[in-house]
Amino acid sequence: MKNMLKDTVILFAITLIAGLLLGVVYEVTKDPIAAQKARKKNEACQEVFADAATFNPLEVVIVEKKEEAANEADAASGATVSATGNGDVDAVYEAVSSNGELLGYVLEVTTHEGYNGDIQFSMGIRLDGTVNGISLLSISETPGLGMQAEAVLKPQFAGKKASYFEPTKVGAVTENQIDAISGATITTNAVVDGANTGLSYFQSVLGGGK
């Protein structure tokens, strides 16, 4: 009984000390971690909206998805990606100039259609609907194929003005077409889906492009 009591006290002491140490580590590191995350978000915003001075966060509006109707319409037109997107908008920022003028918006979008999971990126959209570009935040696709999204897909969105995007395997001939990565159709479709999610939110919630 004495040995059991002794072991219990020792175990309790170890647990208590470990808990206190974890608490101390958390308190010491939480502010630097928060600052690091804020810096990365700001850098991503600045990448897709270089002429903005500040980025003011807005409350995200949950948009009810009408996937069945949208997908039926897209299938009828022969599209491979929904024109309204099936992803999620995680964050929205106003892109404001140094003199306080609203230039457009930065949206953080997550698409769930990636080959190896979710793909998250920021996209900057000017008030007239022109996409400044996208900045990949999180992607884990097949090395050598899907991971070419940074080099192949990302540059194609810059400066494009379209109500929605669509992937193509035969070479882009219209403003809204995005050349697919060879051998990585799923990744291409996922990124286009995310871009369409952002554009749809911009048009329906933010009243942009009108």
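About the cut-offs
Residues numbered from 1 in each chain as written. Predicted model: local features only at pLDDT ≥ 70, side-chain atom pairs only at ≥ 80, totals over all residues. Heavy atoms only, no water. Core = buried A, V, L, I, M, F, W, Y, C linked by side-chain atoms within 4.5 Å. Buried < 20%, exposed > 50% of the residue type's maximum accessible area, 1.4 Å probe, protein only. Helix = DSSP H or I, 4+ residues; strand = E, 2+ residues; numbered from the N terminus. Contact = heavy atoms within 4.5 Å. Pairing = 2+ DSSP bridges. Axes fitted to C-alpha atoms, helices over the stretch in contact; angles between N-to-C directions. Patch = residues over 30% accessible without salt bridge, like charges linked within 9 Å, V, L, I, M, F, W, Y side chains within 5 Å. Areas by Shrake-Rupley, 256 points an atom, 1.4 Å probe, with all protein chains shown as cover. Salt bridge = Lys/Arg side-chain N within 4 Å of Asp/Glu carboxyl O. Phe/Tyr/Trp six-rings, centres within 6.5 Å; stacked < 30°, edge-to-face > 60°. Expected span 1.5 Å × (residues − 1). Arc of directions from axis to C-beta.

Let's talk about the nonpolar core
Counting 28 residues, the largest nonpolar core has Leu107, Phe121, Met123, Phe157, Phe165 and Val191 as its most contacted members. When contributions to this core are tallied by element, the ones reaching two or more residues are strand S2 (88–96), strand S3 (102–111), strand S4 (119–126), strand S5 (130–138), helix H3 (149–157) and helix H4 (185–204). The leading source of residues in this core is H4, at 7 residues. Other than its neighbours up to four places away in sequence, Val191 contacts Ile119, Phe121, Ile134, Leu153 and Phe157. Core analysis: the next-biggest nonpolar cluster, separate from the first, contains 10 residues, Val48, Ala91, Ala95 and Val106 among them.

Considering the sheet that holds strand S6 (residues 160–161)
Strand order in the open sheet formed by 6 strands is S1-S2-S3-S4-S5-S6, and the pairing between neighbours is antiparallel. Because the sheet does not close on itself, it has two edges, and the strands there are strand S1 (54–58) and S6. Sheet topology places S5 next to S6; 2 bridges connect them, and they run antiparallel. In the strand pairing of S6, Thr130 is matched with Lys161. The sheet strands contacting H3 are S5 and S6, and the helix crosses S5 at an angle near 155°.

Here's the deal with a nonpolar patch on the surface
Together, Phe12, Leu16 and Leu20 line one region of the surface with nonpolar side chains, adding up to about 330 Å² of accessible area. Mapped onto the elements of the fold, Leu20 is located in helix H1 (residues 2–48). Judged by its relative accessible area of 53%, Leu20 is exposed.

Some details on the pairing of S2
Moving residue by residue along a regular strand, the side chains alternate between the two faces of the sheet. Bridge analysis of S1 against S2 gives 5 bridges, and the strand direction is antiparallel. Paired with Leu58 across the bridge in S2 is Val92. Where S2 meets S3, 8 bridges bridge the pair, whose relative direction is antiparallel. The partner of Asp88 across the bridge, within S3, is Thr110.

Notes on the pattern of salt bridges
Per the stated rule, a full pass over the model turns up 2 salt bridges. A salt bridge links Glu47 to Lys154, with the nearest nitrogen and oxygen atoms 2.4 Å apart. Highlighted residues: Glu47 in helix H1 and Lys154 in helix H3, separated in sequence by 107 residues. We classify Lys154 as buried; its relative accessible area is 17%. The shortest N-O distance in the salt bridge between Arg126 and Asp51 comes to 2.7 Å.

Focus: the packing of aromatic side chains
The relation between two aromatic rings is expressed through the spacing of the ring centres and the mutual angle of the planes. According to the stated counting rule, one finds 2 aromatic pairs in the structure shown. Here the aromatic rings of Tyr105 and Phe202 are separated by 6.3 Å at their centres, their planes lie at 65°, and the arrangement is edge-to-face. Of this pair, Tyr105 sits in strand S3 while Phe202 sits in helix H4, placing them 97 residues apart in sequence. Grouping residues by exposure puts Tyr105 and Phe202 together as buried. Geometrically, the ring pair formed by Phe157 and Phe165 is edge-to-face, given 5.0 Å between the ring centres and 85° between the ring planes. Exposure class is identical for Phe157 and Phe165. Each is buried.

Regarding H4
Look at H4: 28 Å from first C-alpha to last across 20 residues, which is about the 28 Å you get at 1.5 Å a residue. Within H4, 16 of the 20 residues are buried, leaving the element largely enclosed by the surrounding structure.

Here we look at H3
Three or more residues of H3 are buried, namely Ala149, Leu153, Lys154, Gln156 and Phe157. One face of H3 carries all of its buried residues, which in axial projection span an arc of 160°. Downstream of H3 by a residue or two, Gly159 has a phi angle that is positive, lying close to 80°.

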